[in-house]
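# Breakdown of the fold
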Amino acid sequence: MEEAKPFQISKKQVWDAFKRVKANRGAAGVDGQSIADFEEELENNLYKLWNRLSSGSYFPPPVRRVEIPKGDGKKRPLGIPTVADRIAQMVVKEYLEPLLEVHFHEDSYGYRPRKSAHDAVGKARQRCWRYAWVLDLDIKGFFDNIDHKLMMKAVRQHTDCRWVLLYVERWLKCLVQHPDGTTVTSDRGTPQGGVVSPLLANLFLHYAFDKWMDREFPTVPFERYADDVICHCNSESQAEKLRIAITQRLMECRLELHPEKTKIVYCKEDGRRGSYPECKFDYLGYTFRPRVAISKRGVFFVGFLPAMSKKAAKSICDEIRSWRIHNRTDKSLEDFSRMFNPKLRGWINYYAKFYKSEMYKVFHILNRIMIKWAMRKFKNLRGRQRRAMHWLGRVAHQQSHLFAHWQVLGMRPPAGQ
């Protein structure tokens, strides 16, 4: 039997939460403790955490703040909780998520069971065929500006569980430790990177946006992935009216639209006349714009379609170059396959879902770097680029399983004679 505590949190809940956190991996928090470190005294660490959670004496340590680069050269703040705090947040998430899921909107796709970014992109693609105009929304600093009072009001709509309310409120008020060691607190926002933060963000926008849209603009479909939102309109005037209304609505919820990044886009394709300054938008790593495609009957046409964005392609190319393959002549192709194939497969699984030919340029660069590597590694290929290309092509045709882009996309160099 478990000891009597003020809050009914079982040891099994804490154990299951640990297993989920371990599977997700992640970096150490302010205490420098990794998951492996935590496991060295696993039973004791989990017992202490359970004891504090179930007695109401658990207070989250500061969240370690780091900044990760964005595609536009700016940086995105990310909060890294300690391992123990991630487990505590997972306990609350596992309790709260089933209560919220049944209420969430069908076109809310971010961080939800059985929904994905591909689902959101696919639905946006279908609706761009039916609606000629898009309102591309950008909520300015969403995670940093969530109002705590409104957030707690939303949570109380779905549970009166005392320990859930207690710990959610403590996480909202949690200190943030900056890289220079200083700690700050805030009366708004939830650190991006916390286990429970995506669920809370979805809940906030469920009331601030999703339900409001169904009530005020029931004929306007949208796709929302966390704070990335696309709305589909029949006309430019409808899109402009919607932008004004959403601006006002978000102000009521202590949020604001980014004035430069929020834009109205014309989904130009065959059969749609006229022009507009904005005929493309980015969504979840894909750029939607007019593209040449071929129908099932073999007829070429121009459709408004998604493909990997230039920003995503540049990010991938930068990472490939950072591997310095051409300088690693101590390695074999088999070594490179083990080192880089998981990353290649991840990129292909995500970006080849729609208009996969856009990925060919990226993997041409990788093949050229591997040709350069071959010219440095093998004496008989030095200074002979064409011969090196044909050598790599023969290897690719004989062992296409070595690299994901050879196998899945067929991106193999020509084998020659």
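One can find the structure itself at the top, above this paragraph.
Below: a short report on this structure. Everything quoted here is computed from the prediction, not taken from an experiment. (Residues numbered from 1 in each chain as written. Predicted model: local features only at pLDDT ≥ 70, side-chain atom pairs only at ≥ 80, totals over all residues. Heavy atoms only, no water.)

### A word on the overall build of the protein
On a plain count of helices and strands, the protein comes out with 15 helices and eleven strands. Put simply, the protein has 417 residues, and 48% of those count as buried. Put simply, of all contacts in the protein between residues at least 6 apart along the chain, 67% involve residues at least 24 apart. Carbon and sulfur atoms form 49% of the exposed surface of the protein, whose accessible area is close to 21600 Å². For the protein, the distance from the average site of its 73 positive side-chain charges to the average site of its 47 negative ones is 9 Å. (Helix = DSSP H or I, 4+ residues; strand = E, 2+ residues; numbered from the N terminus. Buried < 20%, exposed > 50% of the residue type's maximum accessible area, 1.4 Å probe, protein only. Contact = heavy atoms within 4.5 Å. Areas by Shrake-Rupley, 256 points an atom, 1.4 Å probe, with all protein chains shown as cover. Lys, Arg positive; Asp, Glu negative; His and termini not counted. Charge placed at Lys NZ, Arg CZ, Asp CG, Glu CD.)

### Description of a negative patch on the surface
Residues D31, D37, E40 and E41 make up a contiguous surface patch of negative charge. Taking relative accessible area as the criterion, E40 reaches 65% and is therefore assigned exposed. (Patch = residues over 30% accessible without salt bridge, like charges linked within 9 Å, V, L, I, M, F, W, Y side chains within 5 Å. Salt bridge = Lys/Arg side-chain N within 4 Å of Asp/Glu carboxyl O.)

### Some words on the nonpolar core
Core analysis: the largest hydrophobic core is formed by 72 residues, its most contacted members being I87, M213, C231 and I246. In terms of residues, this core owes the most to one element, helix α9 (residues 197-216), which gives ten residues. Sequence-distant contacts of M213, defined by excluding residues within four places in its chain, comprise P218, V220, F222, C231, L242 and I246. Counting 57 residues, the second largest nonpolar core, distinct from the first, contains C267, M308, F336 and F363. (Core = buried A, V, L, I, M, F, W, Y, C linked by side-chain atoms within 4.5 Å.)

### Section: the packing of aromatic side chains
This model, assessed by the stated rule, comprises 28 aromatic pairs. Centre to centre, the rings of F281 and F288 are 4.7 Å apart; their planes meet at 10°, and the pair counts as stacked. Residue F281 shares its accessibility class with F288, and that shared class is buried. With a centroid separation of 5.8 Å and 15° between ring planes, the pair formed by W323 and W347 is classed as stacked. Residue W323 is found in the loop between α11 (310-322) and α12 (333-351), and its partner W347 is found in helix α12; the two are separated by 24 residues along the sequence. For the pair formed by W323 and W347, the shared burial category is buried. Among the aromatic side chains, those forming a connected cluster through ring pairs are W323, F336, F340, W347, W373, F378 and W391. The ring centre of W50 lies 4.8 Å from the NZ or CZ of K11, which sits over that ring. The ring of F59 is capped by R170, whose NZ or CZ atom sits 3.7 Å from the centre of that ring. (Phe/Tyr/Trp six-rings, centres within 6.5 Å; stacked < 30°, edge-to-face > 60°. Lys NZ or Arg CZ within 6 Å of the ring centre and 35° of its normal.)

### Quick notes on the sheet that holds strand β3 (residues 133-138)
Sheet architecture is open: four strands sit in the order β6-β7-β3-β8, paired in antiparallel fashion. For this open sheet the edge positions go to β6 (222-225) and β8 (263-266), each flanked by a neighbour on one side alone. Neighbouring strand axes in the sheet, compared pairwise and without regard to direction, differ in orientation by 20° on average. Those strands touched by helix α10 (residues 236-252) are β3, β7 (228-233) and β8, and its axis lies near 20° from that of β3. (Pairing = 2+ DSSP bridges. Axes fitted to C-alpha atoms, helices over the stretch in contact; angles between N-to-C directions.)

### Looking at the side chain of N45
Within the secondary structure, N45 is located in helix α3 (residues 42-55). For N45, the contacting residues outside a window of four places in its chain are Q33 and F38.

### As for unusual backbone geometry
Unlike most non-glycine residues, R114 shows phi in positive territory, near 65°. Positionally, R114 belongs in the loop between α4 (83-101) and α5 (117-130). Its identity is not glycine, yet L284 carries a phi of approximately 55°, on the positive side. Considering the arrangement of structural elements, one finds L284 in the loop between β9 (281-283) and β10 (286-294). When its relative accessible area of 15% is taken as the criterion, L284 is described as buried.

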